[in-house]
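# Coordinates in review
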Amino acid sequence: MRKVIVAFDGTHYSNGAFGLAKRLNESEKILLVGAFLPELDFSGLGYVFGGGGLYVPLQIEIDEDKVDENIQRFEDECVRNNIEFRIHKDHSPYAISKLQKESRFADLMILGSQKFYENLRLEVPSEYLRDILHDTECPVIVAPEKFDYPENVILAYDGTRSSVFAIKMFSYLFSDLCDCSTTLVYATPKHQPEMPDEDYMKELACRHFRDLTFLQLEQQEMSVFLQEISKPMLVTGAFGRSGLSNLFKRSFCTSYMSEYRYPVFIAHK
């Protein structure tokens, strides 16, 4: 059994995030922790990029009746779908940091990206989401509101230990998806045209993914390639405050999540 956190932002209930948790429970029984966080007002928010992390906003809007309604809905859906569950309700200024601590003792966190973007200023969401993903101590899936369960897996590899770690964690958590058509993509930077540690990577990936293709592309070809894949899930490594990794341009992944294209699995070491 795995422990999975599904995070709801304020009064927003993410059908996509819960739907994914439901599908996971059908494959293997899980303990599902519903984390109901305060709705954050970012109007006066500041950031520290040198290690200080996210300043907690002073204003926290709480519609207790709506939050309680969402909790009841969550409980009802868990009971209906035979999912063991717990409730994490925290409206204190330290709710995000407490969620990060709980992630240390979880196998996976699911975020409903559409709801996390909905009420944020255009300049803020990528940094806010990046802070959560950077500090979370378990892998994260950012799930759109509406998507088909993946039939194709895209492994983003750039030679870093984070990208290898993400591929391994995905294979451990989603053995069912390892049977899907899988493409390991290396986007060629100008300074390193050859795939780093190619033999090692093939030895590892071929042990876990049964229908695996290796593909090397120019970086500018990545977006076109991703748009042509039907029902995909993207697997990627480090999502830090400076961006994903050398594989993608800054906010590449964030822009795709904000368009609600498909779920993204993110793990960093």
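Residues numbered from 1 in each chain as written. Predicted model: local features only at pLDDT ≥ 70, side-chain atom pairs only at ≥ 80, totals over all residues. Heavy atoms only, no water.

With an unreviewed UniProt entry as reference, the chain is termed Nucleotide-binding universal stress protein, UspA family, source organism Chitinophaga sancti.

## Examining helix H6 (residues 161-173)
Note the cut-off: Numbering goes from the N terminus for both helices and strands, where a helix is a DSSP run of H or I of at least four residues and a strand is a run of E of at least two. Each helix should span, by expectation, one fewer than its residue count multiplied by 1.5 Å. Per-residue accessibility, obtained with a 1.4 Å probe over protein chains only, is compared with the maximum for each type, and a residue is labelled buried under 20%, exposed over 50%, and partly exposed between these values.
The first and last C-alpha atoms of H6 sit 18 Å apart over 13 residues, in line with the 18 Å expected at 1.5 Å per residue. Inspection of H6 places Ser162, Ser163, Ala166, Ile167, Met169, Phe170, Ser171 and Leu173 among the buried residues, and these make up the whole buried set.

## Digging into the pattern of salt bridges
For clarity, the threshold we go by: Criterion for a salt bridge: a side-chain nitrogen of Lys or Arg within 4 Å of a carboxyl oxygen of Asp or Glu.
One pass over the full model with this rule turns up nine salt bridges. Residue Lys3 pairs with Glu102 through a salt bridge whose shortest N-O separation is 3.7 Å. Within this pair, whereas Lys3 is found in strand E1 (residues 2-9), its partner Glu102 is found in helix H3 (residues 95-103), the two being separated by 99 residues in sequence. The partner of Glu198 in a salt bridge is Lys202, and the shortest N-O contact between them spans 3.0 Å. Of this pair, Glu198 and Lys202 are both found in helix H7 (residues 198-208), four residues apart, which corresponds to roughly one turn of the helix. Residue class for Glu198 comes out partly exposed when judged on its relative accessible area of 30%. Judged by relative accessible area, which is 31%, Lys202 ranks as partly exposed.

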